[in-house]
Amino acid sequence: MSVFIHSSVAEMKEQIGVCSRSVFGVEPCQMSFLFFLMYAAAAGGLLALLESTPGCAQEFKIKGGTQQLSECLAQRVGWKNVRLGSAVMAIWQDAELARVMTTNDTFLCRAVIVTCPPHLA
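Residues numbered from 1 in each chain as written. Predicted model: local features only at pLDDT ≥ 70, side-chain atom pairs only at ≥ 80, totals over all residues. Heavy atoms only, no water.

In the nomenclature of an unreviewed UniProt entry, the protein is known as monoamine oxidase of Ilyodon furcidens. As recorded by UniProt, the Catalytic activity (unreviewed entry) comment attached to the protein reads in full: "a secondary aliphatic amine + O2 + H2O = a primary amine + an aldehyde + H2O2". In its Sequence similarities (unreviewed entry) section, the UniProt entry covering the protein states "Belongs to the flavin monoamine oxidase family." (UniProt positions renumbered as here; feature names shortened; annotations may be inferred.)

The structure is reproduced here in structure tokens:
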């Protein structure tokens, strides 16, 4: 009996981890379990957050994958304006310009596009 319980607990932990990473973009240890439960309850249950059936959170997809969004945006702003491998340390913005400080340089620009999970923004 204890082997069955242990197996079920391990499986449940793995499932919660998958859900945490896919829905919230964080590891389970980075979020309150109470928040996780409240969020799932507010959505109508955990399956409503994970399923791709109509009316569920994962209903809409982008044909060809979401990487296209980044590639199209890079083409529009020009690949020469895209900086990879430069972690952003700070962003300051006033009414006219934004200043972005990275590990390598500082940039002045009219707009900044932040593409990271919301909890990191």
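Picking up after the structure, the text goes on.
Caption draft 1: Up close: the nonpolar core. Counting residues in hydrophobic clusters, the biggest one holds six residues: Ile16, Cys19, Phe24, Val26, Met31 and Phe36. The element best represented in this core is helix α1 (residues 2–24), accounting for three residues. With residues near it in sequence (within four places) discarded, Met31 still touches Ser20, Phe24, Val26 and Phe36. (Core = buried A, V, L, I, M, F, W, Y, C linked by side-chain atoms within 4.5 Å. Buried < 20%, exposed > 50% of the residue type's maximum accessible area, 1.4 Å probe, protein only. Helix = DSSP H or I, 4+ residues; strand = E, 2+ residues; numbered from the N terminus. Contact = heavy atoms within 4.5 Å.)

Caption draft 2: View of the layout of surface pockets. The space that makes up the largest pocket amounts to roughly 1100 Å³. With seven residues, the top contributor of residues to the lining of the largest pocket is helix α4 (residues 67–77). A breakdown of the residues in the lining of the largest pocket according to their chemical character gives 21 nonpolar, seven polar and two charged. (1 Å grid on protein atoms, 1.4 Å probe; cavity = no way out; pocket = protein on both sides within 12 Å on 5 of 7 lines; lining within 4 Å. Points joined across faces, edges and corners; volume = space filled by probe spheres on them. Nonpolar A, V, L, I, M, F, W, Y, C, P; charged D, E, K, R; others polar.)

Caption draft 3: Seen up close, the packing of aromatic side chains. This model, assessed by the stated rule, comprises five aromatic pairs. Ring plane angle 15° and centroid distance 5.9 Å describe the contact between Phe33 and Phe36, whose orientation is recorded as stacked. One end of the pair, Phe33, and the other, Phe36, are both in helix α2 (residues 33–42), three residues apart, so they sit about a helical turn from each other. Owing to a relative accessible area of 47%, Phe33 belongs among the partly exposed residues under this scheme. On the basis of an interplanar angle of 45° and a centroid distance of 5.7 Å, the ring pair of Phe35 and Tyr39 is categorised as tilted. With a gap of four residues between them, Phe35 and Tyr39 both fall in helix α2, about one helical turn apart. The class for Tyr39 is partly exposed, based on a relative accessible area of 36%. One aromatic cluster is present, built from ring pairs that chain together Phe24, Phe33, Phe35, Phe36 and Tyr39. (Phe/Tyr/Trp six-rings, centres within 6.5 Å; stacked < 30°, edge-to-face > 60°.)

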